[in-house]
Amino acid sequence: MTELRISVAETIDAVEAGEWDACANPLAGGGIAKGERGAGCGRQAADPSAEEVYNPFISHAFLTALEQSNSVGPRTGWQPRHVLARTADGTLVAAAPCYLKSHSRGEYVFDHGWAEAYARASGSYYPKLQVAVPFTPATGRRLLVRDTANSENIARALASGLVEICKICGASGVHVTFAPEAQFRLLGELGYLQRTDQQFHWENRGFATFDEFLGALTARKRKTIRRERHDALASGISVHWLTGGDLTEEIWEEFFQFYMETGSRKWGRPYLTRPFYSLVGESMRRRIVLIMAKRAGRWVAGAINFLGSHSLYGRHWGAIEHHPFLHFELCYYQAIDYAIAHKLLRVEAGAQGEHKIARGYLPTTTYSAHYIADPALRRGIADYLARERAYVAAAGAELATFAPFRKNFVLEPD
């Protein structure tokens, strides 16, 4: 394999956008997936077993919006340390979105217990290196490699480079979170510890309408969902899908108020700044769908979603008025409606939430990999993870038995 030079970029702007995106989304042209029709990719044009062709969160535009808006940076405890692999002639062939962290917030793969245990043993868990998309619990490639014959060898070199940078930085470890299963397996082969968890995703089984989806459910679940959808809009609420040119500064101002109102109660301190929405709304407007609720002539709630080639990614929602089931309507049912209308294969509605099962979102395994520098801490974490993986697998199997689908409905795609 050609010799590679590993380096670190302290801002995403230090990497030319075309270079980064050629690694992040190598099968997509200009940030729009090949074969895409309108906002989504038609089912007949997509292979359900294939990895996502275009993932919005690892794009240069999304990471730039996070940094330029100061949503990440030294004062937030997320210091960019993006890892780059170049050939001798300077061609960027691989990259990893990486951050030097001074805490464990905003990751959704929880290691606070590890940090506390290490501190009790007089160890320093921070700083650590986090290979992730900040505040975004969505699976996507983390070892971003150009599509070449040597892709796997380059990915291995990049993963080994992360370990070396960890040592140089004096970090306690490298944490690669929400990686696809293939990269999870590769990292395991290189000695990274393996961790699993659960999310709940909705899969499109070729449904033509929301009613057709409901027809696949048991009568009791079907009745419950219809009642919830009716009650959510009973106060004269109308729902609107906004994308592209609809995403004006006035709309972002309204949505940010929802985010602050709900995020302050949920997290205490919301992660994203107001400029983030303006920046991402400008650079990625075709990749964003705001599902907004209006009552009595004013916007009262909204949910932000991002579009991949085959997936709709629900990120967060907020409201300044509270109505029964409005959260379910905007975040889950409208997302399903949108996915069906645009022939998307799945909806990923974010982290946690066993209540999603009754609404057709089924348990799906998520993966992360962890290099721990201290051998003693590594042994303790490895023992814990072995037990945790067994629990996650058993819990997922049990949760799947609560799926709302009729017994004679075939969940596997044809």
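Refer to the preceding data block for the structure.
What you see is a predicted model, and the numbers here were worked out from it, not measured in a lab.

Asks: In this structure, what is going on with the overall build of the chain? I would like to understand it.
Replies: Along its length, the chain carries eleven helices and 17 strands. Counting only residues that meet the buried cut, the chain has 54% of its 414 residues in that class. Residue pairs at least 24 apart in sequence account for 77% of intrachain contacts in the chain once pairs closer than 6 positions are excluded. Surface exposure of the chain reaches about 17600 Å², of which carbon and sulfur atoms provide 52%.

Asks: Explain the environment of P270 here, please?
Replies: Relative to the helices and strands, P270 resides in the loop between helix 8 (249-267) and helix 9 (274-283). For the pair P270 and L84, spaced 186 residues apart in sequence, the C-alpha to C-alpha distance is 30 Å. With residues near it in sequence (within four places) discarded, P270 still touches Y259, M260, G263 and S264.

Asks: Would you mind going over the pairing of strand 11 (residues 193-203) with me for this structure?
Replies: The side chains of a regular strand alternate between the sheet's two faces. Burial analysis of strand 11 places eight of its eleven residues in the buried class, which makes it a mostly covered element. With nine bridges joining them, strand 11 and strand 17 (residues 362-372) adopt antiparallel strand pairing. Paired with T196 across the bridge in strand 17 is Y367. Two elements, strand 11 and strand 16 (residues 346-351), share four bridges in a ladder whose sense is antiparallel. From the neighbouring strand, E203 faces strand 16, where its bridge partner is R346.

Asks: Looking at this structure, I do not really get the sheet that holds strand 6 (residues 92-96). What am I missing?
Replies: Pairing between the strands of a sheet is mediated by backbone hydrogen bonds and can be parallel or antiparallel. The strand order 1-5-6-9 describes an open sheet built from four strands, whose pairing is antiparallel. Edge positions in the open sheet fall to strand 1 (4-9) and strand 9 (144-145), since each of these has one partner strand only. Here strand 1 runs beside strand 5 (residues 82-87); their pairing, made up of six bridges, is antiparallel. Within strand 5, the residue paired with L4 across the bridge is T87. Helix 4 (residues 151-169) rests against strand 1, strand 5, strand 6 and strand 9 of the sheet, and its axis sits at about 50° to strand 1.

Asks: Got a minute to help me understand the pattern of salt bridges in this structure?
Replies: Here the idea is simple: oppositely charged side chains can pair when their charged atoms come close. Per the stated rule, a full pass over the model turns up 21 salt bridges. Within the structure, one salt-bridge network assembled from shared partners comprises K101, E107, D111 and K128.

Asks: Help me understand the side chain of H323 in this model?
Replies: Residue position: H323 is located in the loop between strand 15 (311-319) and helix 10 (326-341). By relative accessible area, H323 is classed as buried at 17%. Look past the residues within four positions of H323 in its chain and what remains in contact with it is A232, S235, I237 and R295.

Asks: Any chance you could explain the side chain of D337 here in plain terms?
Replies: On the secondary structure map, D337 appears in helix 10. A relative accessible area of 18% places D337 in the buried class. Those residues within four positions of D337 in sequence are excluded, and the remaining contacts are F210, R229 and W241.

Asks: Quick question: what am I supposed to make of the sheet that holds strand 16 here?
Replies: In spatial order, the strands read 4-7-8-10-17-11-16-15-14-13-12; together these eleven strands make up an open sheet with mixed pairing. In the strand order of this sheet, the two ends are held by strand 4 (78-80) and strand 12 (238-242), each with one partner. The average angle at which neighbouring strand axes cross in this sheet is 30°, direction not considered. Where strand 12 meets strand 13 (residues 288-295), five bridges bridge the pair, whose relative direction is antiparallel. Looking at the pairing, V239 lines up with A293 of strand 13. Lying on the sheet, helix 11 (residues 375-400) is in contact with strand 11 and strand 17; it crosses strand 11 at an angle near 25°.

Asks: What should I look at first to understand the nonpolar core in this one?
Replies: If you look at the biggest cluster of nonpolar residues, it comprises 44 residues, and the most contacted ones within it are W20, F62, Y277 and L290. Taken together, the elements giving at least two residues each to this core come down to helix 1 (17-24), helix 2 (60-68), strand 6, helix 8, helix 9, strand 13 and strand 14 (298-307). Here the element with the most residues in this core is helix 8; it accounts for six residues. With sequence-adjacent residues up to four places away left out, L290 is seen in contact with H240, W241, L242, L247, I251, W252, F255, A303 and I304. Counting 40 residues, the second largest nonpolar core, distinct from the first, contains A216, Y332, A349 and L399.

Asks: When you look at unusual backbone geometry in this model, what are you seeing that I'm missing?
Replies: What is expected of a backbone is that most residues other than glycine have negative phi and most peptide bonds are trans. With omega at 5°, the peptide bond leading from Y126 into P127 counts as cis. Relative to the elements of secondary structure, P127 occurs in the loop between helix 3 (112-120) and strand 8 (128-131). For Y108, which is not a glycine, the phi torsion comes out positive at approximately 70°. Along the chain, Y108 turns up in the loop between strand 7 (98-101) and helix 3. At A296, a residue that is not glycine, the phi angle is positive and equals roughly 55°. For A296, a relative accessible area of 73% translates into the label exposed.

Asks: Just checking my understanding: could you explain the environment of N25 for this structure?
Replies: Tracing the sequence through the fold places N25 in the loop between helix 1 and strand 2 (28-29). You can call N25 buried: its relative accessible area is 4%. In sequence terms N25 and R389 are 364 residues apart; their C-alpha atoms lie 30 Å from each other. For N25, the residues in contact, after removing those within four places along its chain, are V53, Y54, N55, I58, S59 and R141.

What counts and how
- Residues numbered from 1 in each chain as written.
- Predicted model: local features only at pLDDT ≥ 70, side-chain atom pairs only at ≥ 80, totals over all residues.
- Heavy atoms only, no water.
- Helix = DSSP H or I, 4+ residues; strand = E, 2+ residues; numbered from the N terminus.
- Buried < 20%, exposed > 50% of the residue type's maximum accessible area, 1.4 Å probe, protein only.
- Contact = heavy atoms within 4.5 Å.
- Areas by Shrake-Rupley, 256 points an atom, 1.4 Å probe, with all protein chains shown as cover.
- Pairing = 2+ DSSP bridges.
- Axes fitted to C-alpha atoms, helices over the stretch in contact; angles between N-to-C directions.
- Salt bridge = Lys/Arg side-chain N within 4 Å of Asp/Glu carboxyl O.
- Core = buried A, V, L, I, M, F, W, Y, C linked by side-chain atoms within 4.5 Å.

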